[in-house]
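Chain by chain, the residues:
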Amino acid sequence: MMRISYDKRSTLFTALMALLVAMPGFYFIQNNAPKKYSIVLASSGSLLEGSRIEYDDLDHDGWSEQLTFGPNGSRSVHVIISGRNGIIGQWNFPGIFPSSDFRFITVDHDQNGTPEAFIFTINSDSLQMYAFDPFKPESKEIRKVFIERIKLFNDELGAGLYEGGVHDMNGDGFQDLVFGVYTTFSAYPRKVYIYDIFNNVLLRSDHFGAGISGLHLHDFDRDGKMSIVVENHSYGNTKDSTVAYNDHRTWLMVYDHNLKFRFEPVEIPGIHCFTKFIPHTQDGASYIIALQHFREKHDDNCFMYLFDAQGKLLKKM
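Chains are numbered independently. Their residues run from 1 in the order of the written sequence. Restriction of local features to residues with pLDDT of at least 70 applies here, the model being predicted, together with a cutoff of 80 or more for giving and counting side-chain atom pairs; totals for whole chains, interfaces and linings are based on all residues. Just so you know, side-chain values use all the structure's heavy atoms and leave hydrogens and water out.

A. Highlighting the overall build of the protein chain. The helix and strand labels rest on DSSP assignments: H or I over at least four residues marks a helix, E over at least two residues marks a strand, and numbering proceeds from the N terminus. Counting its secondary structure elements, the protein chain contains one helix and 20 strands. Throughout this description, buried means an accessible area under 20% of the type-specific maximum (1.4 Å probe, protein chains only), exposed means over 50%, and partly exposed covers the range between. Considering the protein chain as a whole, with its 317 residues, one finds that 42% of them fall into the buried category. Each accessible area is a Shrake-Rupley estimate made with a 1.4 Å probe; only the visible protein chains count as cover when residues are assessed. With an accessible surface of roughly 18,400 Å², the protein chain has 54% of that area assigned to carbon and sulfur atoms.

Here it is, written out as structure tokens:
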């Protein structure tokens, strides 16, 4: 067996020598590279604490609108949308933003070129979604959808969302929004949702204890109907052992387009781990690859499983 020694001093010396050798090349590139691009400051300003900015081409005109999210105060938030000619509009909503990065999305559900905007907030103990037209700030038509009650843990609301994607889940020709709700130490709610935008109908899965860490849409049967694969972790935060599919282990969980299980969830033993699920179709057959990684460092802290589309274990490595 070949042994490789590691010495910080020799490594540092090697790095310095490599830098000295490369410096003439850097100088040549800097002074001879074609001047194709330049950076010009377009705008500047300051943000309140807790605010952030995103960019998205909402009207598909080749110019990204600026989306600014931030708190108005202790229990209110705002969304400001700006275009190339200035501010398009500002909307104010009661509550606070969820703890997740996913809090806003636009969906052109009827594919007419005009998107509808959706924003999530937590007001008191209620997770709510608001839908509005991002190009009609004067319109009072703001749709409010109640999602779920959030259970407090030590007087705190630790809840967030994961975007699952946008797809026509019920085959009516209109796009639907798929997302999941997770909590930190509180066991409730942890569910998957499908929002039928056209009919204003919200489908909810049954409650489970697994900690959601991602959602994937996949057409296992190649019939145009998407299933939802739930990534999850086993942090062991749920104390109630009676909760179905709790987070003291991870689970292979796959929902159909009606939020019913394709098969009974398959237990993957191990606490304090994260399991990533990768759905894949090849040569007409569908599979699910599971990559399990433990947080603690020990000899065997990573495993790979191969399942068929019905949850049958084919191989473990």
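B. Highlighting a nonpolar patch on the surface. What makes a patch is a set of residues exposed beyond 30% relative accessible area and free of salt bridges, joined within 9 Å when like-charged and within 5 Å when nonpolar (Val, Leu, Ile, Met, Phe, Trp, Tyr). Salt bridges, as used here, are contacts in which a Lys or Arg side-chain nitrogen is within 4 Å of a carboxyl oxygen on Asp or Glu. A contiguous nonpolar patch, built from I278, L291, M304 and M317 and spanning about 300 Å² of accessible area, is present on the exposed surface. The topology assignment puts L291 in strand β18 (residues 285-294). Residue L291 is classed as partly exposed on the basis of its relative accessible area, which comes to 33%.

C. Spatial organisation of the packing of aromatic side chains. Two rings from Phe, Tyr or Trp (for Trp, the six-membered ring) form a pair when their centres sit within 6.5 Å of each other. Planes less than 30 degrees apart are called stacked, planes more than 60 degrees apart edge-to-face, and all others tilted. Within the structure shown, the criterion is met by 15 aromatic pairs. Taking 5.1 Å as the distance between ring centres and 10° as the angle between the ring planes, the aromatic pair formed by F179 and Y193 counts as stacked. Of the two residues, F179 is situated in strand β10 (residues 176-183) and Y193 in strand β11 (residues 191-196); the sequence distance between them amounts to 14 residues. F179 gets classed as buried once you look at its relative accessible area, which sits at 0%. Y193 gets classed as buried once you look at its relative accessible area, which sits at 0%. Between Y305 and F307, the aromatic rings sit 6.1 Å apart at their centres with planes inclined by 20°, giving stacked as the arrangement. According to the relative accessible area criterion, Y305 is buried, its value standing at 7%.

D. Spatial organisation of the side chain of S286. Mapped onto the fold, S286 is located in strand β18. A polar side-chain atom of S286 sits 2.8 Å from a polar atom in the side chain of T281. In what follows, a contact means two residues having at least one pair of non-hydrogen atoms within 4.5 Å. Beyond its immediate chain neighbours, meaning those up to four positions away, S286 contacts H218, F220, R222, H280, T281, D308 and A309. Polar contact is defined as a pair of N or O atoms within 3.5 Å, subject to the rule that within protein one atom must be able to donate a hydrogen and the other to accept it, and that residues adjacent in sequence are counted only when both atoms are side-chain atoms.

Everything listed here is a matter of geometry and, on its own, says nothing about what the molecule does.
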